[in-house]
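# Architecture at a glance
One letter stands for each residue in the lines below.
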Amino acid sequence: MGLTAPESGSVLAIDAGNSKTDVAVVTACGEVLATARGGGFRPPAVGVPAAMDALAGPVTRALSDAGLPAASHVSACLANADLPVEEEQLAAALDARAWGTSVEVRNDTFAILRAGVAEPRGVAVVCGAGINCVGMRPDGRTARFPAIGRISGDWGGGWGLAEEALWYAARAEDGRGEPTELVRTLPAHFGLPTMYALIEALHLEHVEDGRRHELTPVLFDTAAQGDQVARSIVHRLAEEVATMATVALTRLDLLTEETPVLLGGSVLTAGHTQLDDGIRDLLSSRAPKADIRVVTASPVLGAALLGLDRLGAGVGAQERARAYWSR
């Protein structure tokens, strides 16, 4: 399908994560007509039809508030769109909803990347509940990883960090591992006296399993106090972030060019000094031309900019959209 003329048309931008969904309707001139927010987008848990039903609420509100029956183009950056076949499946499901004349689905990490750069060129590493990395060039080339867990070689993310901290603390308490303050700080977070008590509480679901992610900030606090085991986990995450970024840059032939490397997600934007310094030190030797930036802009801006790229919108439209989310 051809591009819509840049002076006309509209973008339905969708950034759908595991915990929340943001939607915006943006004109080809970059004017934001309406926004809406909804719940999490979890096709693996509820199935694609139910996930699309959940999207329908905020999408319908945004289109209604914008006074449009549909948009010219749907730019959707979606969690759990980890493989091209999943992007195709979700694009077909979105197309069936007739919310736009054309549809493009990308993994939600692309929204972080596009939100942080003036043109679609660079690499982004996102570490929140999970970890992922993507890269793109203006000519359409991309670099990405499956990012579906240990079976695809992934390590890190808030959930993985909490699991690692629990593993080391459990072994330290029963004598299988080296001493660490995590033995005290992890159970104390839940008001419990020992790791054994925390293990029991998690196993019997006296502490909800979903609350494990609360232990990630505890890990970083313990590392900041100088605990060597906690610091080793943080260092491993810095290694993982630097490795993913370097590989993506290499795949895109950008390793020897000055290129933005964007860091996003709750873990990488929290200002953890050891982690931040570790990533910068590692990339300074492996990818010395990397321009490291932390992205705090709303990811739905990235989805909107990708849509404006598709419409052939100019720099003025992009700047107008950025100004809206910079207020």
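Quantities reported herein were computed from a predicted structural model and do not represent experimental measurements.

### Some remarks on the packing of aromatic side chains
Counted according to the given criterion, the structure contains two aromatic pairs. When the ring centre of Trp 155 is taken as reference, the NZ or CZ atom of Arg 236 above it lies at 4.0 Å. Here the basic side chain of Arg 251 rests over the ring of Phe 145, its NZ or CZ set 4.7 Å away from the ring centre.

### Describing helix α2 (residues 48–66)
For α2, which comprises 19 residues, the first-to-last C-alpha distance of 26 Å matches the rise-based estimate of 27 Å (1.5 Å per residue) to within 8%. Most pronounced at Ala 56, the bend in α2 amounts to some 30°, and the proline Pro 58 follows within four residues. Those residues of α2 that sit buried are Val 48, Ala 51, Met 52, Leu 55, Ala 56, Pro 58, Val 59, Ala 62, Leu 63 and Ala 66. Of the surrounding secondary structure, the elements contacted by the buried residues of α2 are β1 (10–16), β2 (21–27), β3 (32–38), α1 (43–46), β4 (71–78) and α3 (84–96). Taken from the residues just after α2, Gly 67 is the one with a positive phi, measuring 75°.

### Topic: the pattern of salt bridges
Scanning the entire structure with this criterion turns up 17 salt bridges. Here Asp 22 and Arg 37 are joined by a salt bridge, their closest N and O atoms 2.8 Å apart. Of this pair, Asp 22 sits in strand β2 while Arg 37 sits in strand β3; the two residues are 15 residues apart in sequence, bridging distant segments of the chain. For Asp 22, a relative accessible area of 9% puts it in the buried group. Overall, Arg 37 belongs to the exposed group, its relative accessible area being 51%. Asp 209 is paired through a salt bridge with Arg 212; the nearest N and O atoms lie 2.7 Å apart.

### A closer look at the sheet that holds strand β5 (residues 100–107)
Working definition: the strands of a sheet are paired by backbone hydrogen bonds and lie parallel or antiparallel to each other. Across the sheet, five strands lie side by side as β3-β2-β1-β4-β5; this open sheet has mixed pairing. Every interior strand has two partners, whereas the edge strands, β3 and β5, have only one. Taking each pair of neighbouring strands and ignoring which way they run, the sheet shows an average axis angle of 15°. Two elements, β4 and β5, share seven bridges in a ladder whose sense is parallel. Residue pairing in the sheet places Ala 76 in a bridge with Val 105 of β5.

### A look at the nonpolar core
Ranked by internal contacts, the top residues of the largest apolar core, which has 52 residues, are Leu 182, Leu 186, Leu 237 and Leu 275. Among the elements that line this core, the one with the most residues is helix α9 (residues 228–251), at twelve residues. Excluding anything up to four places from it in sequence, Leu 275 contacts Phe 220, Val 234, Leu 237, Ala 238, Val 267 and Leu 268. In this structure, Ala 24, Val 117, Val 126 and Val 300 belong to the second largest nonpolar core, which totals 30 residues.

### Thoughts on the environment of Leu 252
You can see Leu 252 is positioned in the loop between α9 and β9 (259–264). Under the relative-accessibility criterion, Leu 252 is labelled buried at 1%. In this structure, the C-alpha to C-alpha distance between Leu 252 and Val 123, residues 129 residues apart in sequence, is 9.3 Å. Apart from the residues lying within four places of it in its own chain, the contact partners of Leu 252 are Gly 122, Gly 135, Met 136, Arg 137, Arg 141, Thr 142 and Ala 143.

### Brief notes about the packing of helix α11 (residues 299–311) against helix α12 (residues 315–325)
Orientation of α11 relative to α12, taken along the N-to-C sense of each, is 165°, at an axis distance of 10 Å. Compared by their axis directions, α11 and α12 come out roughly antiparallel. At the point where α11 passes α12, the crossing takes the right-handed sense. Taken together, the residues of α12 that come into contact with α11 (itself represented by Val 300, Leu 301, Ala 304, Leu 305, Leu 308 and Asp 309) are Ala 317, Gln 318, Ala 321, Arg 322 and Trp 325. Of the residues contributing to the contact of α11 with α12, the split by class is eight nonpolar, one polar and two charged.

Rules and cut-offs
- Residues numbered from 1 in each chain as written.
- Predicted model: local features only at pLDDT ≥ 70, side-chain atom pairs only at ≥ 80, totals over all residues.
- Heavy atoms only, no water.
- Phe/Tyr/Trp six-rings, centres within 6.5 Å; stacked < 30°, edge-to-face > 60°.
- Lys NZ or Arg CZ within 6 Å of the ring centre and 35° of its normal.
- Helix = DSSP H or I, 4+ residues; strand = E, 2+ residues; numbered from the N terminus.
- Expected span 1.5 Å × (residues − 1).
- Bend = angle between axes of the 7 residues up to and from the residue.
- Buried < 20%, exposed > 50% of the residue type's maximum accessible area, 1.4 Å probe, protein only.
- Contact = heavy atoms within 4.5 Å.
- Salt bridge = Lys/Arg side-chain N within 4 Å of Asp/Glu carboxyl O.
- Pairing = 2+ DSSP bridges.
- Axes fitted to C-alpha atoms, helices over the stretch in contact; angles between N-to-C directions.
- Core = buried A, V, L, I, M, F, W, Y, C linked by side-chain atoms within 4.5 Å.
- Parallel < 35°, antiparallel > 145°, perpendicular 65-115°, else oblique.
- Left-handed = near helix turned anticlockwise from the far one by under 90°.
- Nonpolar A, V, L, I, M, F, W, Y, C, P; charged D, E, K, R; others polar.

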